[in-house]
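The residues making up each chain are set out below.
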Number of protein chains: 2
Amino acid sequence: MRTDPAGPTGLLDPLDEAILRELAVDARASFADIGSVVSLSAPAVKRRVDRLRERGVIRGFTVRLDPAALGWETEAYVELFCSGSTSPVVMRTAVERFPEVISASTVTGDVDLLIHLRARDMRHLERVIERLNAEAFVARTRSTIVLSALVRRPDVQGSPEP
Amino acid sequence: MRTDPAGPTGLLDPLDEAILRELAVDARASFADIGSVVSLSAPAVKRRVDRLRERGVIRGFTVRLDPAALGWETEAYVELFCSGSTSPVVMRTAVERFPEVISASTVTGDVDLLIHLRARDMRHLERVIERLNAEAFVARTRSTIVLSALVRRPDVQGSPEP
DNA sequence: GATGAAACACCTAAGCC
DNA sequence: GGCTTAGGTGTTTCATC
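Small disclaimer: the values here were computed from a predicted structure and weren't measured.

With that out of the way, let us pick up the relation of the copies chain B and chain A. Placing chain B over chain A gives an RMSD of 0.1 Å and needs a rotation angle of 180°, together with 0.0 Å of translation along the axis. Viewed as a symmetry operation, the transformation between the two copies matches a two-fold axis. Both copies contact each other with a shared surface, as 100% of the interface residues of chain B are interface residues in chain A too.

Here we take up the interface of chain B and chain A. In this complex, chain B contributes 66 residues to the contact, which on the side of chain A involves 66 residues. Together, B:Arg28, B:Arg64 and B:Leu150 form the three largest contributors to the area buried by chain B at its contact with chain A, with a combined 14%. Between the two partners, chain B and chain A, sit 2 salt bridges. B:Arg59 is the salt-bridge partner of A:Asp66, the closest N and O atoms lying 3.3 Å from each other. Counting the contacts that link chain B with chain A gives 39 residue pairs in polar contact (both at pLDDT 80 or more). Residue assignment for the side of chain B that touches chain A shows that the elements contributing at least two residues are helix H1 (14-25), strand E1 (58-65), helix H4 (88-96), strand E3 (101-107), strand E4 (113-119) and strand E5 (138-152) of chain B. Here the element with the most residues in the side of chain B that touches chain A is E5(B); it accounts for 9 residues.

What follows is about the packing of helix H1 (residues 14-25) of chain A against helix H3 (residues 42-54) of chain A. All names here are of chain A. Following both chains from N to C, one finds H1 and H3 inclined at 85°, their axes separated by 11 Å at the closest point. Relative to H3, the element H1 is oriented roughly perpendicular. Contact residues: H1 offers Leu15, Asp16, Ile19, Leu20 and Leu23, while H3 offers Val45, Arg48, Val49 and Leu52. Split by residue class, the contact of H1 with H3 holds 7 nonpolar, no polar and 2 charged.

The subject of this paragraph is the sheet that holds E3(B). On the basis of which strands lie adjacent, the closed barrel formed by 8 strands has the order E2(A)-E4(A)-E3(A)-E5(B)-E2(B)-E4(B)-E3(B)-E5(A) and antiparallel pairing. Looking at each pair of strands side by side, their axes are set apart by 35° on average, direction ignored. Bridge analysis of strand E2 (residues 74-82) of chain B against E4(B) gives 7 bridges, and the strand direction is antiparallel. Opposite B:Glu79, over in E4(B), you have B:Leu114 as the bridge partner. Taken strand by strand, helix H5 (residues 122-133) of chain A contacts strand E2 (74-82), strand E4 (113-119) and strand E5 (138-152) of chain A, and its axis lies near 145° from that of E5(A).

So, about unusual backbone geometry. Residues and elements named next belong to chain A. Positive phi outside glycine occurs at serine 39, with the angle close to 60°. Mapped onto the fold, serine 39 is located in the loop between helix H2 (31-38) and H3. Here serine 39 falls in the exposed class, since its relative accessible area comes to 64%.

In this structure's numbering, the residues bearing the UniProt feature "domain: HTH asnC-type" (unreviewed entry) are residues 12-73 of chain A. As annotated, residues 12-73 of chain A comprises 53% helix and 13% strand, and the C-alpha atoms at either end are separated by 37 Å.

Here we take up H1(B). Between the first and last C-alpha of H1(B) there are 17 Å, a value that for 12 residues agrees with the 16 Å anticipated at 1.5 Å per step. All buried positions along H1(B) are accounted for by B:Asp16, B:Ala18, B:Ile19, B:Leu20 and B:Leu23. On its buried side, H1(B) packs onto strand E1 (58-65) of chain A together with helix H2 (31-38), helix H3 (42-54) and E1 of chain B. Where H1(B) begins, the side chain of B:Asp13 points an oxygen toward the backbone nitrogen of B:Leu15, at a separation of 2.9 Å.

Residue and element names in this part refer to chain A. Scanning the entire structure with this criterion turns up 22 salt bridges over all chains. The salt bridge involving glutamate 100 is made with arginine 131; its shortest N-O contact spans 4.0 Å. Of this pair, glutamate 100 sits in the loop between helix H4 (88-96) and strand E3 (101-107) while arginine 131 sits in helix H5; the two residues are 31 residues apart in sequence, bridging distant segments of the chain. Taking relative accessible area as the criterion, glutamate 100 reaches 7% and is therefore assigned buried.

Attention now goes to the packing of H2(B) against H3(B). Angle between the axes and distance between the axes: these two values describe a pair of packed helices. All names here are of chain B. Between H2 and H3, the least distance of the axes is 8 Å, while the angle of their chain directions is 100°. Accordingly, the angle class assigned to the pair H2 and H3 is roughly perpendicular. The residues of H3 that touch H2, namely those facing Phe31, Ala32, Ile34, Gly35 and Val38, are Ala42, Val45, Lys46 and Val49. Residue classes in the contact of H2 with H3 are distributed as 7 nonpolar, 1 polar and 1 charged.

The next point concerns the side chain of B:Glu135. Residues and elements named next belong to chain B. Within the secondary structure, glutamate 135 is located in the loop between helix H5 (122-133) and E5. A relative accessible area of 16% places glutamate 135 in the buried class. Among all residues touching glutamate 135, those that are not within four sequence positions of it are Ala94, Arg97 and Phe98.

Bringing the pairing of E2(A) into the picture now. Residues in a regular strand point their side chains to alternate faces of the sheet. All names here are of chain A. Counting buried residues along E2, 9 of its 9 residues qualify, which places the element largely inside the surrounding structure. Both faces of E2 are covered, namely the face carrying Thr74, Ala76, Val78, Leu80 and Cys82 and the face carrying Glu75, Tyr77, Glu79 and Phe81. Bridge analysis of E2 against E5 gives 7 bridges, and the strand direction is antiparallel. Bridge assignment links phenylalanine 81 to a residue of E5, and that residue is arginine 140.

About the criteria used
- Residues numbered from 1 in each chain as written.
- Chains lettered and ligands numbered in written order.
- Predicted model: local features only at pLDDT ≥ 70, side-chain atom pairs only at ≥ 80, totals over all residues.
- Heavy atoms only, no water.
- Least-squares fit on C-alpha atoms with pLDDT ≥ 70 in both.
- Contact = heavy atoms within 4.5 Å.
- Buried area = accessible area lost by both parts, 1.4 Å probe.
- Salt bridge = Lys/Arg side-chain N within 4 Å of Asp/Glu carboxyl O.
- Polar contact = N/O pair within 3.5 Å; in protein donor to acceptor, adjacent residues only side chain to side chain.
- Helix = DSSP H or I, 4+ residues; strand = E, 2+ residues; numbered from the N terminus.
- Axes fitted to C-alpha atoms, helices over the stretch in contact; angles between N-to-C directions.
- Parallel < 35°, antiparallel > 145°, perpendicular 65-115°, else oblique.
- Nonpolar A, V, L, I, M, F, W, Y, C, P; charged D, E, K, R; others polar.
- Pairing = 2+ DSSP bridges.
- Buried < 20%, exposed > 50% of the residue type's maximum accessible area, 1.4 Å probe, protein only.
- UniProt positions renumbered as here; feature names shortened; annotations may be inferred.
- Expected span 1.5 Å × (residues − 1).

See the structure below:
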């Protein structure tokens, strides 16, 4: 078995890190191209990528889209205050039905659920907020509209485990 | 020039939409595989993908990583209240230096800057918040820690235009 | 203007050392 | 981890509609 220099902490081999950096920049890069950057042969890169997928470090590969080019011009955070003690499963099921939702998390503090979403325009956003407010478990909402995006970096894109 | 069924609104051809859906699920899928789903030949798919890249709809392809598997277990939102009228450029420059920051946006409301970040653990998060607080233009911060991620969907991953 | 078939170069994947 | 090879893929060209 291969010695894992990362150990149980989840830290990675420097070569694995370099490979992930290249894949983050261009996930369709060939193993040979990645290999020439990290000084490894193509098969060696493939083996490491396969292993990273097996380990669950790599969840998959996806396309980076420009939402504005697709007509999604409005971005907002909507905080949900829930009535009584609503279970996370109920929240998740309800919120998942909205294609506008990018992420939804239960959080510490007054707010029960923090939602990050995109809408085509303000009119669309208004309708989404109304529909969120209409959910049975939602007591009230508080919205914050994004004025300008200063930093945008890659983040996890896989669905959370059930 | 090609007739754009999308028009100036930014909406897409149904075939382009289908191709983007496939790429969102697996950005390393072969053009032939995508073609068999959308009923197009591999060259036709490639030409459409090339055109989507030229148009800026596709910004690139990236890897989806599991932060927990990489040792990033803590996720939080930090709201920054800025002293006086700090320019967005100053905010951006300062915040960009933090590798922990996933996104930073100027927003409506009391808060001046909303930051989404990941840290290895609570101790790490605490240090990041301290460092953010130490920035010259930061009056105070308010933090919200993510308890559990209910929904996580792909979002833009390209850097915002300067 | 867009598509599909074919040709070639390149890459992936699975075997070897 | 590198090398080799067989099969698959990306990319270009060309004819067709």
